[in-house]
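An overview of the molecular structure
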Amino acid sequence: MAFVKVSDILKMADKAHTSAMAFNCVDFNTAHSVIMAAEKLQKPVIVMLYPGHCTDSRWTTPAAFAPMVISEANKVKVPVALHMDHSSDFEYIKAAIDCGFTSVMYDGSMLPVEENLKNTKMVVDYAHAKGVEVEAELGWVGFADNEKDQNNTDMYTSPETAKRFCKETGCDSVAVAIGSAHGYYNKTPKLDLDRLQQINAATDTPLVLHGGSGIPDDQLEKAFTMGINKFNVGTEFLGLYFKTVVEYAEANKHDPKHIILDMAIPVQDALMAYLHQKMQLSKM
Ligand SMILES: [Zn+2]
């Protein structure tokens with residue numbers, strides 16, 4: 001029975017002055033690989049589902065995904081938590097909670113601060129009453145293919161605002177904007193670690209770093225000692241998944257009968273090798 005809450009894992013990360021790893025998964029192959037890699041390395045892990053990966057119910061749905069992850073988590077000894085990534089839709093969040101998500105993200109980062117604060121508090125009040133945790137976002141983590149998003153310090157998280165935001169909303173963790181961005185980077189990012197240190201000094205709330213695909217390891221190692229307790233990886237991990245599927249299908253196209261079932265093994269092996277290397281960054 002190793003299914004735990006995200007906060008349990010974040011507390012362990014904080015105690016070890018490091019970050020827990022959180023991976024965006026889309027199906028059994030990805031979620032199972034993450035949980036198996038965690039068990040092998042004896043490192044706690046967070047499995048995330050991104051609503052953008054469920055816009056067509058033929059791909060996956062929160063209702064199908066949550067029980068699958070909980071069932072897999074309960075087969076291992078290492079702590080595994082489940083989290084719904086970025087949603088700005090309160091109704092969607094309510095439905096995810098009803099499906100069994102014990103942690104959700106409310107992303108109001110595109111709104112003016114006061115509106116973000118008000119909405120986040122509303123989601124937190126609703127979720128906490130149901131025993132569910134909430135990750136918020138303050139400042140705006142943009143898109144890596146747009147360098148302006150990465151370098152626009154106006155969108156970075158302000159330490160003073162973070163202090164008030166976390167206190168007033170009661171959020172369980174907060175994603176900060178300090179120079180990372182979502183997707184593949186055109187230019188190597190440079191995290192604003194001074195700002196991170198100031199945010200960390202301003203609040204006790206665990207901090208989350210998004211846009212984890214392509215930040216150099218030395219910067220991550222520093223950030224992980226400065227209050228980042230949850231590190232989100234999506235693009236790199238899913239990119240490897242799709243690449244491995246395509247390569248396997250191409251190499252075995254003359255034996256289609258075996259492709260579908262047999263493919264899971266080499267694909268999960270490739271994902272596990274990547275996860276093994278990435279998860280070493282977490283010193284838990
Ligand atoms: Zn994100």
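The structure contained in this document is the topic of the report that follows. (Residues numbered from 1 in each chain as written. Predicted model: local features only at pLDDT ≥ 70, side-chain atom pairs only at ≥ 80, totals over all residues. Heavy atoms only, no water.)

**Observations regarding the side chain of T60**
We apply this condition: Helix and strand assignments follow DSSP, with helices taken as H or I runs no shorter than four residues and strands as E runs no shorter than two, numbered in order from the N terminus. Residue burial is assigned from relative accessible area. The probe radius is 1.4 Å, only protein chains are included, and a residue is buried under 20% of its type maximum, exposed over 50%, and partly exposed in between. Residues are treated as being in contact if the distance between any of their heavy atoms lies within 4.5 Å.
As for its placement among the helices and strands, T60 is situated in the loop between β2 (45–49) and α3 (62–73). Here T60 falls in the buried class, since its relative accessible area comes to 10%. When sequence neighbours within four positions are dropped, the list of residues in contact with T60 reads V26, L49, H53, C54 and F65.

**Thoughts on unusual backbone geometry**
A positive phi angle, close to 50°, is found at H17, a residue other than glycine. Among the secondary structure elements, H17 is positioned in the loop between α1 (6–15) and β1 (20–24). For H17, a relative accessible area of 59% gives the class exposed. One non-glycine residue, Q42, lies in positive phi territory at about 55°. Tracing the sequence through the fold places Q42 in the loop between α2 (28–41) and β2.

**Re the pairing of strand β8 (residues 228–233)**
Here is the rule we go by: Criterion used throughout: strands pair if DSSP finds at least two bridges between them.
Among the 6 residues in β8, 6 count as buried, and that is most of the element. Of the strand pairs in this sheet, β1 and β8 are connected by 4 bridges, and their pairing is parallel. Bridging across to β8, A20 finds its partner in K230. Bridge count between strand β7 (residues 207–209) and β8: 3 bridges; the pairing is parallel. Across the sheet, the residue bridging to L209 is F231, located in β8.

These figures capture arrangement, not role.
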